[in-house]
Amino acid sequence: MIRTVLADDEALARQKLRQLLNQEPGVEIAGEGATASETIEVVRTAAPDLLFLDIRMPGTDGFDIVRELSAGTSFAMPRIIFTTAYDCYALRAFDIHAVDYLLKPFSADRLRSALQRAREQIQIAKRNNDNGNGHAQNGKSHGGRMVFKSRGRILFLPVSDIRWIGAEENYVRICTGSETHMLRETMTRVEQRLDPNMFLRVHRSAIVNLQFVKEVRTDPSSEFTVVLINGQKIPMSRSYHSRVGELLARG
């Protein structure tokens with residue numbers, strides 16, 4: 001059962017969302033909030049797994065609510081699904097690892113898709129916590145998608161599609177099997193948004209998705225090379241090579 005709180009200053013918006021969620025199995029609505037203070041109080045009291053959060057609320061916005069909730073350490077931060085009529089906050093929402101971003105009016109199918117994504121993240125977090133991995137409670141979560149502007153559009157790219165990422169001056173090149181995207185960002189910031197169990201930095205200028213790694217080769221001059229399953233070769237620096245051994249030891 002997923003305990004859920006609904007936060008929206010419009011009563012009709014909360015009513016519609018409540019009606020849609022009542023049709024979904026395994027969802028319990030633990031409370032509602034119409035203002036920032038109400039939402040914060042309800043979340044701290046109910047300790048939900050999931051928070052549906054409107055971005056524009058009287059006197060504040062959803063990001064201020066997230067910031068206030070994140071400042072506390074007495075309970076686990078819920079997963080966040082933003083609900084809004086404005087698309088201009090999408091990048092900022094996913095930068096704080098929101099599960100999803102629903103543009104009003106959204107359909108039952110669109111809500112179901114977001115809810116399933118939240119369900120998967122909640123189950124993973126609970127398994128990690130059961131295994132004694134405390135980062136699932138108050139640490140940074142790693143979303144299933146990377147969101148950024150590309151060629152005049154906002155792209156929602158599943159991280160599982162990314163094969164490798166390379167640095168090019170003030171940009172990073174994100175490479176999938178069929179296309180590449182240039183993002184004005186640093187490698188360090190990008191690395192922080194990725195699951196370290198899936199992605200490995202092999203060079204100060206390269207990160208690879210371990211799902212697409214075929215082998216690591218050593219040439220006669222003792223230089224290391226990562227070979228992807230499509231045959232592409234990516235240099236691995238000596239300083240990062242030890243991380244492969246650590247990864248294998250964990251596995």
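Look a little higher up for the structure.
Chemist: Help me out: how do you make sense of the overall build of the chain in this one?
Modeler: A count of helices and strands for the chain gives eight helices and 17 strands. Across the 251 residues that make up the chain, the buried fraction comes to 43%.

Chemist: Even after reading the chapter, I still don't get the nonpolar core, so can you show me in this structure?
Modeler: Formed by 23 residues in total, the largest nonpolar core has its most connected members in L51, L53, I65, F82 and Y101. Elements supplying a minimum of two residues to this core: β1 (2–7), α2 (36–46), β3 (50–54), α3 (62–70), β6 (79–84) and α4 (90–95). Once residues within four sequence positions are removed from consideration, L53 is found in contact with A7, T39, G62, I65, V66, I80, I81, F82 and T83. I2, L6, L17 and F106 belong to the second-largest nonpolar core, a separate cluster that totals 17 residues.

Chemist: For this particular structure, what's the right way to read the pairing of β1?
Modeler: A regular strand places its side chains on the two faces of the sheet in alternate fashion. Most of β1 is tucked away: five of the six residues are buried. As defined by bridge partners, β1 adjoins strand β2 (residues 27–33) across six bridges and the pair is classed as parallel. Looking at β2, one finds that R3 is bridged to E28. Taken together, β1, helix α1 (residues 11–22) and β2 constitute a β-α-β crossover, and its handedness is right-handed. Both β1 and β3 contribute to a ladder of four bridges, which runs parallel.

Chemist: Can you walk me through α3 in this structure?
Modeler: Turn by turn, an α-helix covers 3.6 residues, leaving residues three or four places apart pointing in a common direction. For α3, the full list of buried residues reads G62, F63, I65, V66 and L69. Buried residues of α3, seen end-on, are gathered within an arc of 155° and therefore sit on one face of the element. Elements that come into contact with the buried residues of α3 comprise α2, β3, β4 (56–57), β5 (60–61), β6 and α4.

Chemist: Mind showing me how you'd approach the packing of aromatic side chains here?
Modeler: Within a pair of aromatic rings, the relevant descriptors are the distance that separates the centres and the angle that separates the planes. The full count for this structure, using the stated rule, is two aromatic pairs. With a centroid separation of 5.1 Å and an interplanar angle of 40°, the aromatic rings of F63 and F82 are classed as tilted. A residue pair is termed long-range when its members are at least 10 positions apart, and F63 in helix α3 and F82 in strand β6 qualify at 19 residues. Judged on exposure class, the residue F63 and its partner F82 are both buried. The interplanar angle of 50° and the centroid separation of 6.1 Å between the aromatic rings of F63 and Y89 together place this pair among those described as tilted. Of the two residues, F63 sits in helix α3 while Y89 sits in the loop between β6 and α4, which places them 26 residues apart along the sequence. A relative accessible area of 4% means that F63 is categorised as buried. Taken together through their ring pairs, the aromatic side chains of F63, F82 and Y89 make up a single cluster. The ring of F106 carries the charged tip of K16 above its face, separated from the ring centre by 5.9 Å. Between the NZ or CZ atom of R56 and the centre of the ring of Y86, over which it lies, the distance is 3.7 Å.

Chemist: Explain the pattern of salt bridges here, please?
Modeler: Pairs can form between side chains of opposite charge whenever their charged atoms are close. Taken as a whole and assessed by the stated rule, the structure comprises 15 salt bridges. Between R173 and E168 there is a salt bridge, and its shortest N-O distance comes to 2.6 Å. By relative accessible area, which is 25% here, R173 ends up partly exposed. Among the residues examined, E168 registers a relative accessible area of 32% and is labelled partly exposed. Through salt bridges with shared partners, a single ionic network connects D8, D54 and K104.

Chemist: How should I be thinking about the packing of α2 against α3 in this particular structure?
Modeler: Relative orientation and spacing of two packed helices are given, respectively, by the angle between their axes and the distance between those axes. Interhelical geometry of α2 versus α3 gives an angle of 35° and a closest axis separation of 10 Å. Crossing of α2 against α3: the hand is right-handed. On α3, the residues touching A36, T39, I40, V43 and R44 of α2 are I65, E68 and L69. A class-by-class count of the residues in the contact of α2 with α3 yields five nonpolar, one polar and two charged.

Chemist: Can you help me understand the sheet that holds strand β12 (residues 180–183) in this one?
Modeler: Strands in a sheet are paired, the pairing made by backbone hydrogen bonds, and the direction either parallel or antiparallel. If you walk across this open sheet you meet the five strands as β12-β11-β10-β14-β13, and the pairing is antiparallel. Every other strand in the sheet has two partners, leaving β12 and β13 (199–203) as the edge strands with one partner each. Each adjacent strand pair in this sheet contributes to an overall mean axis angle of 25°, direction not counted.

Chemist: I'm lost on the sheet that holds β1 in this one. Help?
Modeler: Here five strands make up an open sheet; going across it, the order is β2-β1-β3-β6-β7 and the pairing parallel. Every interior strand has two partners, whereas the edge strands, β2 and β7 (100–103), have only one. Each neighbouring strand pair of the sheet contributes to a mean axis angle of 20°, computed without reference to strand direction. With five bridges connecting them, β3 and β6 associate as parallel partners. Bridge pairing in β6 places L50 opposite R79. Running over the sheet, α1 touches β1, β2 and β3 and is turned about 170° from β2.

Basis of the calculations
- Residues numbered from 1 in each chain as written.
- Predicted model: local features only at pLDDT ≥ 70, side-chain atom pairs only at ≥ 80, totals over all residues.
- Heavy atoms only, no water.
- Helix = DSSP H or I, 4+ residues; strand = E, 2+ residues; numbered from the N terminus.
- Buried < 20%, exposed > 50% of the residue type's maximum accessible area, 1.4 Å probe, protein only.
- Core = buried A, V, L, I, M, F, W, Y, C linked by side-chain atoms within 4.5 Å.
- Contact = heavy atoms within 4.5 Å.
- Pairing = 2+ DSSP bridges.
- Right-handed = clockwise from strand over helix to strand, strands pointing away.
- Arc of directions from axis to C-beta.
- Phe/Tyr/Trp six-rings, centres within 6.5 Å; stacked < 30°, edge-to-face > 60°.
- Lys NZ or Arg CZ within 6 Å of the ring centre and 35° of its normal.
- Salt bridge = Lys/Arg side-chain N within 4 Å of Asp/Glu carboxyl O.
- Axes fitted to C-alpha atoms, helices over the stretch in contact; angles between N-to-C directions.
- Left-handed = near helix turned anticlockwise from the far one by under 90°.
- Nonpolar A, V, L, I, M, F, W, Y, C, P; charged D, E, K, R; others polar.

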